[in-house]
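Topology and contacts: notes
As a plain string of letters, each chain reads:
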Amino acid sequence: MTNAVATDDIGDNRIVVVLVNYFSEGYLRDCLSALAVQTLPADRTIVVDNGSDSSRLDDTLRDYPEVELLRMPGNVGFAVANNRAVAMARDCRWAVLLNVDAFPDPDWLATLMKSALEHPDLAFFGSKLVDARSTHLLDGTGDVYHSSGCAWRRDHGESTIQEQRTTTGTIAPCAAAAMYRRDCWEAVGGFDEKYFCYLEDVDLALRLHLAGYKYAHVPEAVVRHVGSAITGRRSEFSVYHGHRNLVWTYIKNMPGWLFWKYLPQHLLLNAVSLIWLTYCGRGRTVLRAKMHALRGLPKLWRQRKAIQRSRRISTREFDALLAHGVQKLFSRL
């Protein structure tokens with residue numbers, strides 16, 4: 001059944017959809033075509049281009065005159081590009097992020113908005129991601145954050161028959177297809193721009209939780225996602241940014257006594273990652289990531305103090321959001 005939302009019910013809940021393009025014009029047309037047939041159209045669609053081939057991009061966008069284009073001077077990263085687009089859309093209550101290699105079902109936006117209208121106490125929402133290459137497999141049903149600082153996509157690679165439909169056990173939507181209340185996004189500062197990309201969505205979600213905002217996974221909001229279409233799952237680029245940002249995310253967000261309680265786990269996670277990725281041929285890359293993460297520690301600690309000063313939930317409430325257990329952790333490495 002289509003999750004229809006009456007226009008009169010939407011009120012001032014205007015939606016901006018943001019897509020970040022980086023030499024991904026091959027996917028962009030299919031993504032924009034999927035947005036064009038949404039049962040609840042976006043009020044604005046902004047494509048942020050991170051220095052791609054302008055002629056190919058212009059050829060694609062010529063067929064979508066309603067789409068706004070924001071050109072960056074080069075590849076400024078996923079975090080900066082999304083922040084700039086969200087800042088442009090101050091007339092919209094909801095900021096929806098969609099990867100260029102993600103193709104939503106026609107009622108995707110309507111379903112997310114229906115959930116937002118039914119749950120006005122919630123501030124951000126996630127989608128069910130299906131593997132675009134094998135639609136009987138899941139790409140993810142929300143992000144899990146472990147007490148060690150490891151994060152992973154729940155249900156990744158699992159059969160759709162085994163799908164987990166509740167929010168419980170996850171702390172964040174994957175930013176490949178997620179919706180945020182813009183005022184809450186701005187209240188916590190949006191994406192951390194020094195992350196460039198990888199784990200910026202988990203970091204943002206943790207800061208939103210610490211500030212007292214709540215999240216829901218919306219399993220009826222379905223998107224087919226290619227995933228790692230440009231950077232690759234274990235490329236030097238993804239290993240570097242992922243493992244540097246993993247350290248930063250833990251340092252900034254793990255609150256109070258939980259920071260010290262789980263620090264041994266975090267150190268063990270980093271040590272095992274270094275050994276495993278060295279075996280996989282990425283030892284120099286992950287070592288460089290960890291060294292650069294530590295180099296940024298003074299600034300990170302100042303950020304941590306500011307984040308923790310504004311915390312609105314208890315450490316026990318935060319702890320309840322986390323995954324625990326060594327067996328669960330090592331099953332994901």
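Please refer to the structure placed before this passage.
For the structure given in this document, a descriptive report is provided here. (Residues numbered from 1 in each chain as written. Predicted model: local features only at pLDDT ≥ 70, side-chain atom pairs only at ≥ 80, totals over all residues. Heavy atoms only, no water.)

**Observations regarding the overall build of the protein chain**
Tallying secondary structure elements over the protein chain gives 13 helices and 11 strands in all. The C-alpha radius of gyration computed for the protein chain amounts to 19 Å, which stays within 12% of the reference 20 Å derived for 333 residues, consistent with globular compactness. Considering only C-alpha atoms, the protein chain reaches an extent of 50 × 40 × 40 Å along its principal axes. The burial tally for the protein chain puts 55% of its 333 residues in the buried class. Across the protein chain, the fraction of contacts at a sequence separation of at least 24, relative to all contacts at a separation of at least 6, is 78%. Element-wise, carbon and sulfur atoms account for 54% of the exposed surface of the protein chain, whose accessible area totals about 14,500 Å². (Helix = DSSP H or I, 4+ residues; strand = E, 2+ residues; numbered from the N terminus. Rg over C-alpha atoms; globule rule 2.2 N^0.38 Å. Buried < 20%, exposed > 50% of the residue type's maximum accessible area, 1.4 Å probe, protein only. Contact = heavy atoms within 4.5 Å. Areas by Shrake-Rupley, 256 points an atom, 1.4 Å probe, with all protein chains shown as cover.)

**A few points about the environment of Pro106**
Tracing the chain through its elements places Pro106 in the loop between strand 5 (102-104) and helix 5 (108-118). Taking the C-alpha atoms as reference points, Pro106 and Ala36, 70 residues apart in sequence, are found 8.7 Å from one another. When sequence neighbours within four positions are dropped, the list of residues in contact with Pro106 reads Val37, Gln38 and Thr39.

**Some words on the pattern of salt bridges**
With the rule as written, the count across this model stands at 23 salt bridges. Notably, a salt bridge pairs Lys252 with Asp192, separated by 2.7 Å at the nearest N-O pair. Placement of the pair is Lys252 in helix 8 (residues 236-253) and Asp192 in the loop between helix 6 (182-187) and helix 7 (200-210), with a sequence separation of 60 residues. For the pair Lys252 and Asp192, a shared accessibility class is recorded, and that class is buried. (Salt bridge = Lys/Arg side-chain N within 4 Å of Asp/Glu carboxyl O.)

**A look at the pairing of strand 1 (residues 15-21)**
Across the 7 residues that make up strand 1, a large majority, 7, are buried. Of the two faces of strand 1, both are covered, the one formed by Ile15, Val17, Leu19 and Asn21 as well as the one formed by Val16, Val18 and Val20. Pairing geometry for strand 1 and strand 4 (residues 94-98), over 4 bridges, is parallel. Counted as the bridge partner of Val18 is Leu97 from strand 4. Pairing between strand 1 and strand 2 (residues 44-49): 6 bridges, direction parallel. Bridge pairing in strand 2 links Val20 to Val48. With respect to chirality, the unit in which strand 1 leads through helix 2 (residues 25-36) into the neighbouring parallel strand 2 is right-handed. (Pairing = 2+ DSSP bridges. Right-handed = clockwise from strand over helix to strand, strands pointing away.)

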